[in-house]
Amino acid sequence: MNKLYWLGAIQLSDRANVGDQAFYLSQIIQSGYPVLPGFVISADTWREFLETLHSSESLVADLPDSYLHLDVTNWQQLQQVARRLRQEVLAANLPNHWVNQISETANTLGCQYLILRPSLNISSPHHSIDNFSGLLDAIFCISQPQEIEQGLKQTWSQLFRARSLLYWQKLGINLQQINLAILVQPVENVIASGIFTINEYGIEIQSTYGLGIAIKKGEILPDIYYIDPDTQAIKEQQIGYKSIAYSVQPHGNIWDTELPYEAYLDKSDNCCFSYPVSEHQQQKYCLSDQQIQEIIILGQNLITHAGKIFTINWDIIETNQTSKLYINQINIPESLNPKWQFIKGIGAAKGQVSAPACVILNSSQLRVKQIPKGVILITPKIQTDSLPLLHEVVGIVTEKGGLTSHAAILSRELAIPAVVNVKNVTSLIQSGEKIFIDGEKGEIHNLAETENSYDSQLYIREKLPKISLPIDNQVTKADVINSSLNLTNLPIIATKLLVNISQTSLIDNIRNLPIDGVGLLRSELMILNAFQGKDPLLLVLQGKKSELLTVLYQEIEKFALAFFPQPIFYRSLDWRSPDFTLSQDAEKYTHKSILGEHGTLSYLKNSTVFDLELQALADLQKNGYGNIHLLLPFVRTVEEFVFCRQKVEQAGLTQNSRFQLWIMAEVPSILFLLPEYIKAGVAGISIGTNDLTQLILGINREYGELSHMFDQPHPAVMKAIFQLISTAKAEGIPCSICGQAPVLYPEIIDKLIEWGITSISVEPEAVETTYDAIARAEQRIIMNAARKQLGYL
């Protein structure tokens, strides 16, 4: 085992071996800031330990030297392999002299309890440690040889969690690039802890009693303080809901309980206890005014060393009736380097483009600032009503969002590349700076220093030379959609392949694709261009009812005519409360829930616009467009559906026997009520996996920081999809799927076909891969049936 590194003596040359977190802490402790002492078990030690496993008959030994070759798209296999790998690490023995050396060093810290903090460094210029925050957890243990050994193995084994393996593979990181060191520090009597955050939006302090575990686990709502960065005064403060706290001490003076402390032992750690916080303490702020000021002063002083954007985790430790503030973690965005060359986010829409950047810091600027033609838009986030402003944009980069966020969906609708969840990108990139983005890989390159001249161009991956060479071949948006699709000699498929669309500009590019119609015509995005993001209800109140009806008729007619006689499923307007950021009345929506009063629930409150939609559909039907059907969005209850069905009947749409009234299956209640919906008149369902996933897993799909948890093939989600398909099949109605799941995880198409899905609706860019996946799945089913009939299975 190589030497241990004392925290206060780490040099720049040690960074790869001690990890970024330990390196940052070493820099600030050497600058005089309060950090508890500690030492680092180097990444070389982890590698030596791994070598001992390689020499055995373990599964780890079968891992190639350069890559973790795992089928991360097969979630069952991924879970099984991850479990096996972790078990092998935990079952292995460390050399005795390692354990003795580490234990003896830990004894010099003079504390009964230790915390083992993972400190990662990725040996690649193309990856920032920001991408991996939250993957690995700190481990608590007693300062005894056996407990330390077990704690080390627990920390190392986290590299082989399923979510970790998924991240390494998705980001193209191999095992040899991962440097995992462990920072060992004492754990004293922590009476309060929390997070200090400073960025361009201001300063925020979160705090709770005891260790910060309760905040990390999301088990409590911390006290929150909003600080004015200029005056350091508290602008606003909110008392939290702090029902439990954590400590390594079996007794503490802030808890009122007579229960034995063993009852509160946290089984996920070796020596960590949870305690109920008394009602009296819950109703108090956990920090005194003096402690708040100490934290503010500490954060302000750190600006000179860490810049204006960083986060610190802090503890207040009480010793001999006195308390002292310590920093236990600091996160400084790697990308905050004025000479940045490369940033990585989440690739959200395919395509590659180089163009000048245009930085828009907030939605209010987006309302009043004209976006130049041919730029890559850099902004914190995008709402659906931003669509009218994006038609001249050639690419999008956002700080927030995931694969199913508004930015991702709008970019795919416009057939332009997008990269989302790029932390602090609006602070890093300057307007006018020449950049290159890859919407599939999620990469952003700085072209300012290159000698070549890059015009605003859109590319597909196969036609793009290396960055260092001039790029001469310009490709249209149609090329991105039809990049390599050969329409000749396509295999015949039984499952209908439909397309999701909203932009009339794409009709000519996709109507000749091998599709069976439009599975999702997004009405909101369709009419946004005509009304510049204004609330259609507001237009009605302004006396523009007839104008709105005309626009609805004309826009829907373009699709009905282009795809006739193929079916078109028009989803009625589904305005969400945060979607009107461009409206003058935007402020009245800002504090509402992200779910809001949208979907069919909004029709019950005011059906004026819905009535206009039905009138437009009825007029189209009367003029011979019998291929238009209605898809109701976000239906919560059978009563909502009955209300809408009665409206549909009153409009005369059901007089045409071919007309079908469907609902989106995206609210979990439909899992239990689908037979009742069918009895009430539902003719078909379309599974919206984006909303269904976020509601089942409780994860906001717009929150990019949780993108690794927004898992559409999650067992719970897959079971829900299976149940919906099975029930629809048993009840004799068609079942489609129109979310991003089949596109992001094409391997689930096999299951969808096997279960009996009748149609799959995808974005235009995914038609080719989805068609191939359907053909292969159907062929496998036919072959398996033949083998079974012949007695081979």
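Computed from a prediction, not measured in an experiment: that's the story for all the values here.

### Notes on the overall build of the chain
Thought 1: Helix and strand content of the chain: 27 helices and 30 strands.
Thought 2: Every one of the 793 residues in the chain was classed for burial, and the buried ones make up 56%.
Thought 3: A separation of at least 24 residues holds for 69% of the contacts in the chain among residues at least 6 apart in sequence.
Thought 4: Put simply, the chain shows about 33800 Å² of open surface, and 50% of that area lies on carbon and sulfur atoms.

### Quick notes on the pattern of salt bridges
Thought 1: Inspection of the entire model under this criterion finds 12 salt bridges.
Thought 2: Its salt-bridge partner being Asp 223, residue Lys 242 comes within 2.8 Å of it at the nearest N-O pair. Taken together, the positions of Lys 242 in the loop between β9 (234-238) and β10 (244-247) and Asp 223 in strand β8 (residues 223-227) put the pair 19 residues apart, joining distant regions of the chain.
Thought 3: By sharing partners, the salt bridges in this structure join Asp 137, Arg 161 and Lys 216 into a single network.

### Description of the sheet that holds strand β3 (residues 113-122)
Thought 1: On the basis of which strands lie adjacent, the open sheet formed by 5 strands has the order β1-β2-β5-β3-β4 and antiparallel pairing. Where the open sheet ends on each side, the last strands, each with one partner, are β1 (5-6) and β4 (139-142).
Thought 2: Sheet topology note: the β1/strand β2 (residues 39-41) ladder contains 2 bridges and is antiparallel. Of the residues in β2, the one forming a bridge with Trp 6 is Phe 39.
Thought 3: Lying over the sheet, helix α2 (residues 20-30) contacts β2, β3 and β5 (178-186), oriented at roughly 110° with respect to β3.
Thought 4: Against the sheet, helix α5 (residues 96-107) makes contact with β1, β2 and β3, and its axis sits at roughly 165° relative to β2, the strand it touches most.

### Quick look at unusual backbone geometry
Thought 1: Cis rather than trans, the peptide bond between Phe 564 and Pro 565 has omega equal to 5°.
Thought 2: Assignment of secondary structure puts Pro 565 in the loop between α18 (545-563) and β25 (568-571).
Thought 3: Not every positive phi belongs to a glycine, and Ala 415 is a case in point at roughly 60°.
Thought 4: Here Ala 415 shows up in the loop between α12 (406-414) and β19 (418-420).
Thought 5: Since its relative accessible area comes to 6%, Ala 415 is described here as buried.
Thought 6: Even without being glycine, Asn 421 reaches a positive phi, approximately 60°.
Thought 7: One can find Asn 421 in the loop between β19 and α13 (425-428).

### Quick notes on the packing of helix α22 (residues 670-679) against helix α24 (residues 715-731)
Think of two packed helices as two axes; the pair is described by the angle between the axes and how far apart they sit.
Thought 1: Interhelical geometry of α22 versus α24 gives an angle of 15° and a closest axis separation of 10 Å. Considering their axes alone, α22 and α24 lie roughly parallel with respect to each other. In this structure, α22 meets α24 at a crossing whose hand is right-handed. Along its contact with α22, which presents Ile 670, Leu 671, Phe 672, Leu 674, Pro 675 and Ile 678, the element α24 presents Ala 720, Gln 723, Leu 724, Thr 727, Ala 728 and Glu 731.

### Here we look at the packing of aromatic side chains
Thought 1: Applying the stated criterion across every chain yields a total of 12 aromatic pairs.
Thought 2: Their ring planes at 70° and their centres at 5.7 Å tell us that Trp 6 and Phe 39 sit as a pair that is edge-to-face. Separated by 33 residues along the polypeptide, Trp 6 in strand β1 and Phe 39 in strand β2 bring together distant segments of the chain.
Thought 3: Pairing Phe 49 with Trp 156 gives two aromatic rings, centres 4.8 Å apart and planes at 25°, and the pair type is stacked. With Phe 49 in helix α3 (residues 43-54) and Trp 156 in helix α6 (residues 145-157), the pair connects residues that are 107 residues apart, well separated along the chain. With respect to class, Phe 49 is no different from Trp 156; both count as buried.
Thought 4: Each residue in the set Trp 46, Phe 49, Trp 156 and Phe 160 is aromatic and connected to the rest through ring pairs, giving one cluster.

### With respect to the nonpolar core
Thought 1: Counting residues in each nonpolar core, the largest one holds 110 residues, and the members touching the most others are Tyr 570, Leu 630, Leu 632, Ile 685 and Ile 721.
Thought 2: Sequence-distant contacts of Leu 632, that is, excluding residues within four places in its chain, are made with Ser 572, Thr 600, Tyr 603, Phe 610, Phe 641, Cys 644, Leu 661, Trp 662, Ile 663 and Met 664.
Thought 3: By size, the runner-up hydrophobic cluster in this structure holds 43 residues, among which are Val 89, Leu 135, Trp 156 and Ala 162.

### Description of α18
Thought 1: Between its first and last C-alpha atoms α18 spans 28 Å; for 19 residues at 1.5 Å apiece the expected length is 27 Å, and the two agree.
Thought 2: Regarding α18, the residues found buried are Leu 548, Leu 549, Val 551, Leu 552, Tyr 553, Glu 555, Ile 556, Phe 559, Ala 560 and Phe 563.

### Side note on the environment of Asp 750
Thought 1: Along the chain, Asp 750 falls in helix α26 (residues 749-755).
Thought 2: Judged by relative accessible area, which is 26%, Asp 750 ranks as partly exposed.
Thought 3: Remark: the alpha-carbon pair of Asp 750 and Ile 774, spanning 24 residues in sequence, is separated by 7.4 Å.
Thought 4: Once residues within four sequence positions are removed from consideration, Asp 750 is found in contact with Ala 777 and Arg 780.

### Focus on the sheet that holds strand β12 (residues 310-319)
Thought 1: The strand order across the open sheet built from 6 strands is β9-β8-β7-β6-β12-β13, with neighbouring strands paired in antiparallel fashion. Pairing within the sheet leaves two strands with one partner each, and these edge strands are β9 and β13 (322-331). On average, each strand axis in the sheet is tilted by 20° relative to the strand beside it, whichever way the strands run.
Thought 2: Where strand β7 (residues 202-209) meets β8, 5 bridges bridge the pair, whose relative direction is antiparallel. Pairing of Ile 205 across the sheet is with Tyr 225, part of β8.
Thought 3: Along the sheet, helix α10 (residues 289-306) makes contact with β6 (190-199), β7, β8, β9, β12 and β13, crossing β12 at roughly 140°.

Rules of the game
- Position numbers for residues count from 1 along each chain, tracking the sequence in the order it is written.
- Predicted model: local features are reported for residues with pLDDT of at least 70 only, side-chain atom pairs are reported and counted for 80 or more only, and whole-chain, interface and lining totals are derived from all residues.
- The basis for the side-chain values is all heavy atoms of the structure; hydrogens and waters are excluded.
- Secondary structure follows DSSP: runs of H or I at least 4 residues long count as helices, runs of E at least 2 residues long count as strands, and numbering of each begins at the N terminus.
- Throughout, exposure labels follow a simple rule: accessible area from a 1.4 Å probe, protein chains only, divided by the maximum for the residue type, with under 20% read as buried, over 50% as exposed, and the rest as partly exposed.
- Contact between two residues is taken to exist if any of their heavy atoms lie within 4.5 Å; hydrogens are not considered.
- We get accessible surface area from the Shrake-Rupley algorithm with a probe of 1.4 Å; when it comes to residues, only the shown protein chains can shield them.
- Between Lys or Arg on one side and Asp or Glu on the other, a salt bridge is scored when a side-chain nitrogen of the former is within 4 Å of a carboxyl oxygen of the latter.
- In this scheme, strands are said to pair when DSSP sees at least two bridges between them.
- For helices, the fitted axis covers only the stretch in contact; all axes are lines through C-alpha atoms, and the angles between them, taken along N-to-C directions, range from 0 to 180 degrees.
- Put simply, angles under 35 degrees are roughly parallel, angles over 145 are roughly antiparallel, angles from 65 to 115 are roughly perpendicular, and the rest are oblique.
- Handedness of a crossing follows from how the near helix is turned relative to the far one, being left-handed for an anticlockwise turn of less than a right angle and right-handed for a clockwise one.
- Each aromatic pair joins two rings of Phe, Tyr and Trp (for Trp, the six-membered one) with centres within 6.5 Å, and gets the label stacked for planes under 30 degrees apart, edge-to-face for over 60, and tilted for any other angle.
- Definition used in this section: a nonpolar core is a set of buried Ala, Val, Leu, Ile, Met, Phe, Trp, Tyr and Cys residues joined via side-chain atoms within 4.5 Å.
- Helices are assigned an expected span. That span is 1.5 Å times one less than the residue count.

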